[in-house]
Every structure is written in structure tokens, then in C-alpha cells.
Amino acid sequence: MPEDVNAELRVVGSCIEEIITPSLAYQHEKVGGWVNSVVESCMRALTELKMPRKYIVHCTVLQKSGAGLYSNTACYWDSSSDGYFTHRTENSTLICVTTVYGIAL
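Residues numbered from 1 in each chain as written. Predicted model: local features only at pLDDT ≥ 70, side-chain atom pairs only at ≥ 80, totals over all residues. Heavy atoms only, no water.

Trainee: Give me the lowdown on the side chain of threonine 98, citing residues and values where you can.
Mentor: Position of threonine 98 relative to the elements: it lies in strand S3 (residues 94–104). For threonine 98, a relative accessible area of 0% corresponds to the buried category. Aside from chain neighbours lying at most four places away, what touches threonine 98 is Ile16, Val38, Val57, His58, Cys59, Phe85, Thr86 and His87. (Helix = DSSP H or I, 4+ residues; strand = E, 2+ residues; numbered from the N terminus. Buried < 20%, exposed > 50% of the residue type's maximum accessible area, 1.4 Å probe, protein only. Contact = heavy atoms within 4.5 Å.)

What follows is the structure in C-alpha cells.
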């Protein structure tokens, strides 16, 4: 992403850490709600920044079990004004990976 992403990085990190806390234990029946909360909270905070971008927020939560997870994304955009960043947080029972894509208006 362009250089002015510090505010975006901060708000996304804060949103995720309010939901995915160090003491949160993985519970299969609650993961869907957590993912929705992360995405909605991040999107709300990002739009409140009033940056000249459109956003896509993607969140994956998985149980720590030793299994591997591989993922990839390809984008066709203007790399001088568009970009993405990934925030990863984990605790003893789960891993949360959130990717934010920003596309200039």
C-alpha cells in the first residue's frame, strides 16, 4: 500500500485485538461470529478514516492444530496507489489472519 497507511494499520490492529484476545479459546460454533465481527469492525473503522480508498477486508480464523494453511492472491491494480497489508494475531488455541486491500478512488 502507499506510504500513508499507518492510520489504517493502527485501526485494523486495534479492531482485531478487541475481538481476538489472548484469552479467547477456539470454539467452532463461535468462529463465524468472530470473523464477521472482525470484518465489520475493521470496515467501519477504515471508512471512518475517510481515506480516498475503497476497501476489501478478508479474515480467516483457524484452530491451532499443527495443520498447514497456504493462501495466495493476485491483483491487477496501480501499485503506486493501491495495495494491501496483512495482520496476523494468535493465541494458544487459534490463529487469525486478516488482509485489507485498499483501492484508490
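Trainee: Let's hear about the layout of surface pockets: which residues, and what values?
Mentor: Volume-wise, the largest pocket comes out at about 410 Å³. Around the largest pocket sit 15 residues that line it, and Ser71, Asn72, Thr86, Val97 and Thr99 are the ones nearest its centre. Elements with a minimum of two residues in the lining of the largest pocket: strand S1 (53–63), strand S2 (83–90) and S3. No other element matches S3, which puts four residues into the lining of the largest pocket. In the lining of the largest pocket, the residues fall into seven nonpolar, seven polar and one charged. (1 Å grid on protein atoms, 1.4 Å probe; cavity = no way out; pocket = protein on both sides within 12 Å on 5 of 7 lines; lining within 4 Å. Points joined across faces, edges and corners; volume = space filled by probe spheres on them. Nonpolar A, V, L, I, M, F, W, Y, C, P; charged D, E, K, R; others polar.)

Trainee: Residues and numbers for the sheet that holds S2, please.
Mentor: Spatially, three strands are ordered S1-S3-S2 in an open sheet, and the strand pairing comes out antiparallel. Because the sheet does not close on itself, it has two edges, and the strands there are S1 and S2. Each neighbouring strand pair of the sheet contributes to a mean axis angle of 15°, computed without reference to strand direction. Seen against the sheet, helix H1 (residues 6–19) touches S1, S2 and S3 and runs at an angle of roughly 30° to S2. Packing against the sheet, helix H2 (residues 28–48) makes contact with S1 and S3, and its axis sits at approximately 155° to S1. (Pairing = 2+ DSSP bridges. Axes fitted to C-alpha atoms, helices over the stretch in contact; angles between N-to-C directions.)

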